[in-house]
Amino acid sequence: MDLKTASALRRLRLVSAPEAVSFLLLLVCSVLKRTTDFNAVPVMGMVHGVLFVLYVLFWADAWNRTKWSLKTAALYFVLSVLPTGGFFAERKLRREAEDAVIASRARQETAAKA
């Protein structure tokens, strides 16, 4: 995995958890708006919107660089629209990055032995 691909995955991973938190907070604010006088929906809506747009941009970049299958790319996109999906995406992306590092080290060791 080259540096640009690793950076794309890292960016996607770093924005996935805050995007999930903002989505959950937006849902809470929506309930509070309807049950109390508290109305933070405009602010949380904007925060969540910015994070969601960043997630989609980073997802598209990661898909382009990693050459994910359509199924994998669709999974990461669907996780972005589920209330807690960003947490699962972050965990899955972290495992994918760790596996890539392990594979890279194995290739280096194999090349060093040859």
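The model shown is predicted, which means the values in this text are computed figures rather than measured ones.

Student: Can you walk me through a nonpolar patch on the surface in this structure?
Tutor: On the surface, Val21, Leu24, Leu25, Leu27 and Phe87 cluster together into a nonpolar patch covering about 350 Å² of accessible area. In terms of residues, the nonpolar patch owes the most to one element, helix H1 (residues 3-35), which gives four residues. You can see Phe87 is positioned in helix H4 (residues 85-113). Given the relative accessible area of 31%, Phe87 is considered partly exposed.

Student: What's the story with the pattern of salt bridges in this structure? I'm lost.
Tutor: Charged atoms that come close allow side chains of opposite charge to pair. Per the counting criterion, the structure on display carries four salt bridges. The partner of Asp61 in a salt bridge is Arg11, and the shortest N-O contact between them spans 2.5 Å. Here Arg11 lies in helix H1 and Asp61 lies in helix H2 (residues 41-66), a separation of 50 residues in the sequence. Arg13 is the salt-bridge partner of Glu90, the closest N and O atoms lying 3.0 Å from each other. Here Arg13 lies in helix H1 and Glu90 lies in helix H4, a separation of 77 residues in the sequence. Residue Glu90 is classed as buried on the basis of its relative accessible area, which comes to 15%.

Definitions and cut-offs
Per-chain numbering applies: the sequence of each chain, read as written, is numbered from 1 onward. Given that this is a predicted model, residues contribute local features only at a pLDDT of at least 70 and side-chain atom pairs are listed and counted only at 80 or more, while totals for whole chains, interfaces and linings are drawn from all residues. Side-chain metrics in this entry use all non-hydrogen atoms of the structure; hydrogen atoms and water are not considered. Patch membership requires over 30% relative accessible area and the absence of a salt bridge. Like charges are linked within 9 Å, and nonpolar side chains (Val, Leu, Ile, Met, Phe, Trp, Tyr) within 5 Å. Each accessible area is a Shrake-Rupley result for a 1.4 Å probe, and residues are judged covered by the shown protein chains and nothing else. What makes a salt bridge here is a side-chain nitrogen of Lys or Arg within 4 Å of a carboxyl oxygen of Asp or Glu, nothing more. Segments assigned H or I by DSSP are reported as helices when at least four residues long, segments assigned E as strands when at least two residues long, and all are numbered from the N terminus. Type-normalised accessible area, obtained with a 1.4 Å probe on protein chains alone, sets the label of each residue: buried when under 20%, exposed when over 50%, and partly exposed for intermediate values.

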